[in-house]
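Residue strings, one per chain:
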Amino acid sequence: MPATPSLAALFPPQGLVVRTGDLTLRPLTDADLPEYAQLLREPIFADPGAVHVFAWYAVEPETRIREALRFQWRLRAELSAQKWTLPFGIWADDRLIGCQDLVATDFAARRVVESGSWLTLSAHGRGYGKLMRQAVLVLAFDHLGAQRAESGAAATNAASIAVSHACGYVDNGTEISRMFDPPQLQRRFLATPGTFRRPPVDVEVEGLTPALREMLGADG
């Protein structure tokens, strides 16, 4: 009998791995979801009552976990060259500490990515937030051919804004975001290959196969 193909061979995003410094980034698998669920029970914000707490987080833990799992499965089912999200788990020393999403719509034509991220509170203050953002920007600019990277943060979230500026993002206007409840002012940021501030350590990318490039609209 022929060998059974790996999940990465059947669904190429599952084989993508980005390594830099102490961090390993890879899309979450079903085997990771129990650890992911446990992480979602832990605090993300030092002040859980802050207005910039994500609406998806500001619910009871069991609801948060159930909806987060549905979200992960939905991202896989809906991934196409027209619209995709790569939901990276972030591991430091083999411990899952947060998530970093890389998102695009009509990437083949627009060459624009967006990003969003969070870290468990116990991992704050170690430079991980900056390094994981830099890692996905290296993937986007150097390996996928992106020309713009966009992001946003609540106007009150000074820590997130500082990370954006440290990575080379420049201010790019404001909007009223529904990511929060109630909706609130969000600052927008833009990075390009010219403004991007690269990490001081190497970034290694594995598993970016021709099949995955085609799935992401990054094969041209």
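Residues numbered from 1 in each chain as written. Predicted model: local features only at pLDDT ≥ 70, side-chain atom pairs only at ≥ 80, totals over all residues. Heavy atoms only, no water.

1. What to know about the packing of helix α5 (residues 128–144) against helix α6 (residues 158–166)
Packing of α5 against α6 brings their axes to within 9 Å, and their N-to-C directions diverge by 45°. Taken as axis vectors, α5 and α6 run oblique relative to one another. The crossing of α5 and α6 is right-handed. Across from Gly 129, Lys 130 and Arg 133 in α5, the residues of α6 making contact are Ser 160, Val 163, Ser 164 and Ala 166. The residue inventory of the contact of α5 with α6, partitioned by class, reads two nonpolar, three polar and two charged. (Axes fitted to C-alpha atoms, helices over the stretch in contact; angles between N-to-C directions. Helix = DSSP H or I, 4+ residues; strand = E, 2+ residues; numbered from the N terminus. Parallel < 35°, antiparallel > 145°, perpendicular 65-115°, else oblique. Left-handed = near helix turned anticlockwise from the far one by under 90°. Contact = heavy atoms within 4.5 Å. Nonpolar A, V, L, I, M, F, W, Y, C, P; charged D, E, K, R; others polar.)

2. Details of the pattern of salt bridges
Overall, the coordinates contain eleven salt bridges when judged by the stated rule. For Arg 76, the salt bridge goes to Asp 30, with nearest N and O atoms at 2.9 Å. Linking Arg 76 in helix α3 (residues 61–78) with Asp 30 in the loop between β2 (23–27) and α2 (33–39), this pair joins segments that are 46 residues apart in sequence. Residue class for Asp 30 comes out partly exposed when judged on its relative accessible area of 43%. (Salt bridge = Lys/Arg side-chain N within 4 Å of Asp/Glu carboxyl O. Buried < 20%, exposed > 50% of the residue type's maximum accessible area, 1.4 Å probe, protein only.)

3. Notes on the sheet that holds strand β7 (residues 170–177)
Here we have nine strands laid out as an open sheet, ordered β7-β8-β6-β5-β4-β3-β2-β1-β9, and mixed in their pairing. Whereas interior strands pair on both sides, the edge strands pair on one side only; in this sheet they are β7 and β9 (203–206). Taken pair by pair, the neighbouring strands of this sheet meet at an average axis angle of 25°, ignoring direction. (Pairing = 2+ DSSP bridges.)

4. Notes on the pairing of strand β3 (residues 83–92)
Counting buried positions over the ten residues of β3 gives nine, a clear majority of the element. As paired strands, β2 and β3 are joined by five bridges and run antiparallel to one another. Bridge pairing in β3 links Arg 26 to Gly 89. Across ten bridges, the pairing between β3 and strand β4 (residues 95–105) is antiparallel. Each residue of the ladder has a partner; that of Ala 92, found in β4, is Arg 95. Hairpin connection, β3 to β4: the antiparallel pair is bridged by two residues, and Asp 93 has positive phi, about 55°.

5. Focus on unusual backbone geometry
If you check the backbone angles, Asp 94 has positive phi at about 70° while not being a glycine. Along the chain, the position of Asp 94 falls in the loop between β3 and β4. With a relative accessible area of 75%, Asp 94 lands in the exposed category. The residue Arg 111 is not glycine, and still its phi comes out positive at about 55°.

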